[in-house]
Amino acid sequence: MRPQLVRCTARSLVLALSVAFALTSTACGGSGPGADQELSDKPVTLRFTWWGSDARHRRTQQVIDLFHRAHPNITVEGEFKEWNGYWDSLATTVAANDAPDVIQMDELYLASYGERGALLDLGTATRYLHTGDFDRNALDTGVVGGKQYALPTGLATYAFVANTDLLQRYGATLPDDATWSWDDLKAVGAQVSKASGGKVSGVQSWGFDSGGLNVWARQAGASLYDEKGNVAIPPEVLADFWRYLRDLATTGVAPAPSVTIERASAGLAQSGTATNASALGTWWNTQLPSLAAASGNHLRLLRLPGEAQAKSPGAYYKPSMYWSISARSKHPAEAALFVDFLANSQEAADIMLTDRGVPANKKIRTALTPKLTDADRAAAEFLDSVTVGAAPRVTPNGASGIEGILKRYTEQVLFGRTAPEKAATAFIAELQAEIDAA
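A quick note: this is a predicted structure, and the numbers were derived from the prediction, not measured.

Within the protein chain one finds 17 helices and 14 strands. Here the protein chain has a C-alpha radius of gyration of 22 Å; the compact-globule value for 438 residues is 22 Å, and the two agree. Overall, the C-alpha framework of the protein chain stretches about 70 × 45 × 35 Å when taken along its three principal axes. A burial count over the protein chain gives 55% of its 438 residues as buried. Contacts in the protein chain between residues far apart in sequence, at least 24 positions, make up 78% of those at least 6 positions apart. Summing over all exposed atoms, the protein chain offers an accessible surface of approximately 17,400 Å²; the carbon and sulfur share of this is 51%.

As structure tokens, this is what we get:
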């Protein structure tokens, strides 16, 4: 998963992209050679950029070396960076008509690049890039305007993490997660909070990431964005979301707002789940290994409350990140061949494991799962146990700062400074204004 620390750069990124694409708008759009052309038998050099840790860099270089041994005439040069500087660097190279051939892409910025013609439509690269082992709902996470601008490397889905040690200690029996409701969640949480005398909260509050909001909207038969990229969540649905979170806090099921905000700002290691201060909390399933290591208790992934009662499935696939190809690549066929190796090679998967998420390739995921640690294996198996709905519309250009806006209004509601109804109206107007200004 990407680091949770970047919302402050969203505006600077939008401005950088505006400059970049103003300079390249007539040059982009796939005017170069097609991705399904013949592969060259002469030496070819590809540039490949990604963000990540030192461990990711080492694994990725091993994969690059494997690819080069299979294709000696293709040299892949890695350009790796930390997340903080990655997007400014990418925007700069796009502005200079010097973008890397293969790009590690994030969902928040996919539309910004795809809609302005900076990315190759991977649907034109099927001669060398095969996607038959990807679920359609997984592939759709990389579609913008009907074009496949990105291929997900890994997938996650929203879940509840239950601390079964705490539940047992305080005599709480967990309802069946195939049928439980949001009222059931509140009841179990109240039991833990009461039995612990407030020492442990039954539920860790959420409302600071778009995953929880997406789920709530989808279960109500709505969506956060429409196909045109406008904010589409009805105000009453959003108000209900905040009423529920407010009620958890005011009834003691969740911690006091000040505690919730402090934990949310501190990150995963200081969360109620990681510190065994909350029995139930929302997370992406792929965060289970980190939570389990921090907690030291027995943790279990649960399917979302409310799915059995919902108008439509709230659960959906979230891409951990993607592979994209520059529309300006001089070697699109070779770039497609390399992305195919990254996405479909079992040898590559055995090296990368879950570093870029639980593999989106179903065949690779099945083969890899037995080789994983217990927590990683639980995360992978959970992904296959969940019934997901259609992929939500990719975050529109201009909306990459949504989580900063959401966090601010959630805080206002929890502290009682703004009524849920007024917060909903203001949130929708502000987010739409960001989209319109992009």
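What follows covers the sheet that holds strand 14 (residues 358-359). Strand order in the open sheet made by the 3 strands is 12-7-14, with antiparallel pairing throughout. Because the sheet does not close on itself, it has two edges, and the strands there are strand 12 (318-319) and strand 14. Pairing of strand 7 (residues 154-156) with strand 14 involves 2 bridges; the strand directions are antiparallel. In the sheet register, Leu155 faces strand 14, and the bridge partner there is Val358.

In this model, helix 12 (residues 332-344) (13 residues) spans 18 Å end to end at C-alpha, consistent with the 18 Å of a helix rising 1.5 Å per residue. Extensive coverage of helix 12 is indicated by the burial of 12 of its 13 residues. Inspection of helix 12 places Pro332, Ala333, Glu334, Ala335, Ala336, Leu337, Phe338, Val339, Asp340, Phe341, Leu342 and Ala343 among the buried residues, and these make up the whole buried set.

Let's shift gears to the side chain of Asp106. Its location among the elements puts Asp106 in the loop between strand 3 (102-105) and helix 4 (107-114). Among the polar contacts listed, one links the side chain of Asp106 to the backbone nitrogen of Leu108, at a separation of 3.0 Å.

The subject of this paragraph is the packing of helix 9 (residues 235-250) against helix 16 (residues 402-414). Two numbers describe how helix 9 lies on helix 16: the axes approach to 9 Å, and their chain directions differ by 50°. The pairing of helix 9 with helix 16 is recorded here as oblique in orientation. In the crossing of helix 9 with helix 16, the sense of the turn from one axis to the other is right-handed. Listed contacts from helix 16 to Trp242, Leu245, Arg246 and Ala249 of helix 9 are Leu406, Tyr409, Thr410, Val413 and Leu414. Across the contact of helix 9 with helix 16, the residue classes break down as 7 nonpolar, 1 polar and 1 charged.

Our focus in this paragraph is empty space enclosed by the protein. With the rule as written, the count across this model stands at 5 cavities of 30 Å³ or more. Of the voids in this model, the largest cavity is the one considered here, and its volume is about 230 Å³. Around the largest cavity, the lining is made up of 22 residues, and of these Glu107, Asn214, Tyr316, Pro392 and Thr395 lie nearest the centre. Taken together, the elements giving at least two residues each to the lining of the largest cavity come down to helix 4, helix 8 (210-219), strand 12 and helix 16. Considered class by class, the residues forming the lining of the largest cavity number 12 nonpolar, 5 polar and 5 charged. Roughly 180 Å³ of internal volume is contained in the second largest cavity. Along the walls of the second largest cavity sit 16 residues, with Thr153, Leu342, Ala343, Met352 and Pro359 positioned nearest its centre.

According to the stated counting rule, one finds 28 aromatic pairs in the structure shown. Seen in terms of ring centroids, Trp51 and Tyr86 are 5.0 Å apart; in terms of plane orientation they differ by 75°. Their pairing is edge-to-face. Placement of the pair is Trp51 in strand 1 (residues 44-51) and Tyr86 in helix 3 (residues 83-95), with a sequence separation of 35 residues. Given a relative accessible area of 2%, Trp51 falls into the buried group. Chaining the aromatic ring pairs together yields one cluster made of Phe160, Trp180, Trp182, Trp206, Trp216, Phe241, Trp242, Tyr244, Tyr409 and Phe427.

Cut-offs used in this document
Residues numbered from 1 in each chain as written. Predicted model: local features only at pLDDT ≥ 70, side-chain atom pairs only at ≥ 80, totals over all residues. Heavy atoms only, no water. Helix = DSSP H or I, 4+ residues; strand = E, 2+ residues; numbered from the N terminus. Rg over C-alpha atoms; globule rule 2.2 N^0.38 Å. Buried < 20%, exposed > 50% of the residue type's maximum accessible area, 1.4 Å probe, protein only. Contact = heavy atoms within 4.5 Å. Areas by Shrake-Rupley, 256 points an atom, 1.4 Å probe, with all protein chains shown as cover. Pairing = 2+ DSSP bridges. Expected span 1.5 Å × (residues − 1). Polar contact = N/O pair within 3.5 Å; in protein donor to acceptor, adjacent residues only side chain to side chain. Axes fitted to C-alpha atoms, helices over the stretch in contact; angles between N-to-C directions. Parallel < 35°, antiparallel > 145°, perpendicular 65-115°, else oblique. Left-handed = near helix turned anticlockwise from the far one by under 90°. Nonpolar A, V, L, I, M, F, W, Y, C, P; charged D, E, K, R; others polar. 1 Å grid on protein atoms, 1.4 Å probe; cavity = no way out; pocket = protein on both sides within 12 Å on 5 of 7 lines; lining within 4 Å. Points joined across faces, edges and corners; volume = space filled by probe spheres on them. Phe/Tyr/Trp six-rings, centres within 6.5 Å; stacked < 30°, edge-to-face > 60°.

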